[in-house]
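Analysis of the macromolecular model
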Amino acid sequence: MYGHLSHDTLVEVPAAVIWDVYRSLELGRLLNELLQDVIGRVEVVQGDGGVGTILKITFAPGIPGPTYMKEIFTKIDDEMRVKESEAIEGGYKDFGFELCRYRLQIIEKDAESSSIRSSVEYEIDDKLEEIASQVTTKPMEILAEGIGKYLKQKRSSSN
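So, how was this worked out
Residues numbered from 1 in each chain as written. Predicted model: local features only at pLDDT ≥ 70, side-chain atom pairs only at ≥ 80, totals over all residues. Heavy atoms only, no water. Helix = DSSP H or I, 4+ residues; strand = E, 2+ residues; numbered from the N terminus. Rg over C-alpha atoms; globule rule 2.2 N^0.38 Å. Contact = heavy atoms within 4.5 Å. Areas by Shrake-Rupley, 256 points an atom, 1.4 Å probe, with all protein chains shown as cover. Lys, Arg positive; Asp, Glu negative; His and termini not counted. Charge placed at Lys NZ, Arg CZ, Asp CG, Glu CD. Core = buried A, V, L, I, M, F, W, Y, C linked by side-chain atoms within 4.5 Å. Buried < 20%, exposed > 50% of the residue type's maximum accessible area, 1.4 Å probe, protein only. Phe/Tyr/Trp six-rings, centres within 6.5 Å; stacked < 30°, edge-to-face > 60°. Lys NZ or Arg CZ within 6 Å of the ring centre and 35° of its normal.

Along the backbone of the chain there are three helices and seven strands. The order of α-helices and β-strands along the chain, N terminus first, is β-α-α-β-β-β-β-β-β-α. The C-alpha radius of gyration of the chain comes to 16 Å, within 12% of the 15 Å expected for a compact globule of 159 residues. Seen through its principal axes, the chain has C-alpha atoms that stretch 55 × 30 × 25 Å. Long-range pairs, those at least 24 residues apart, make up 51% of the contacts in the chain with a sequence separation of at least 6. Of the roughly 8,400 Å² of accessible surface on the chain, 49% is carried by carbon and sulfur atoms. Between the centroid of the 19 positive side chains of the chain and the centroid of its 28 negative side chains there is a distance of 4 Å.

Structure representation (structure tokens):
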């Protein structure tokens, strides 16, 4: 069974500013600084932030499901402002998912605002269909809102 979820979060920050954070390891650093108690903690297992980088995300206490996930960056497209990763251990893989791909895309709305499209694409055996209802973009939405708010405040205070 194949599934796909997507959510757009509007942020009042230029797309280039958001992309500078999302395309790099700065995203994990800011998650650790701003949202560790809500989402969890990110650590670099291997790599420099480019394709092939492996991260370990340890989820915050109280989040239902697995306690951690390892993901590998599989695509970073600066022109389209798209970053993709796949779960390689833990996370939804622990529930029997064959594939769990995360996609983040920064879409320019105008000179001062953009949208962060957070998507999850997955494949799971048809016999495990009921488990597919556990897939969510919520942590990615919380991340988008938190990073957008932080960058907006940072830009306001520097002007």
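That was the structure; now back to the text.
Another aspect to go through is the nonpolar core. Counting 37 residues, the largest nonpolar core has Ile-18, Tyr-22, Tyr-102, Leu-143 and Ile-147 as the members making the most contacts within it. Of all the elements in the fold, those that place two or more residues in this core are helix H1 (15-22), helix H2 (26-34), strand E3 (54-59), strand E4 (68-77), strand E6 (97-110), strand E7 (113-124) and helix H3 (138-158). Not counting residues within four places of it along the chain, the set of residues in contact with Leu-143 comprises Tyr-22, Leu-27, Leu-31, Leu-35 and Ile-39.

Taken as a whole and assessed by the stated rule, the structure comprises two aromatic pairs. Both rings, one in Tyr-92 and one in Phe-97, keep their centres 5.3 Å apart while their planes meet at 50 degrees; by these two values the pair is tilted. A relative accessible area of 11% places Tyr-92 in the buried class. Centre to centre, the rings of Phe-97 and Tyr-122 are 5.6 Å apart; their planes meet at 80 degrees, and the pair counts as edge-to-face. You can see Phe-97 sitting in strand E6 and its partner Tyr-122 sitting in strand E7, a full 25 residues away along the chain. Residue classification places Phe-97 among the buried positions, given a relative accessible area of 3%. Judged by relative accessible area, which is 7%, Tyr-122 ranks as buried. An aromatic cluster is present here, built from Tyr-92, Phe-97 and Tyr-122 joined pairwise through their rings. Cation over ring: Lys-56 sits above Tyr-68, and NZ or CZ is 5.3 Å from the ring centre. Above the ring of Phe-73, the side-chain terminus of Lys-83 is found at 4.0 Å from the ring centroid.

Purely geometric numbers; function is a separate question.
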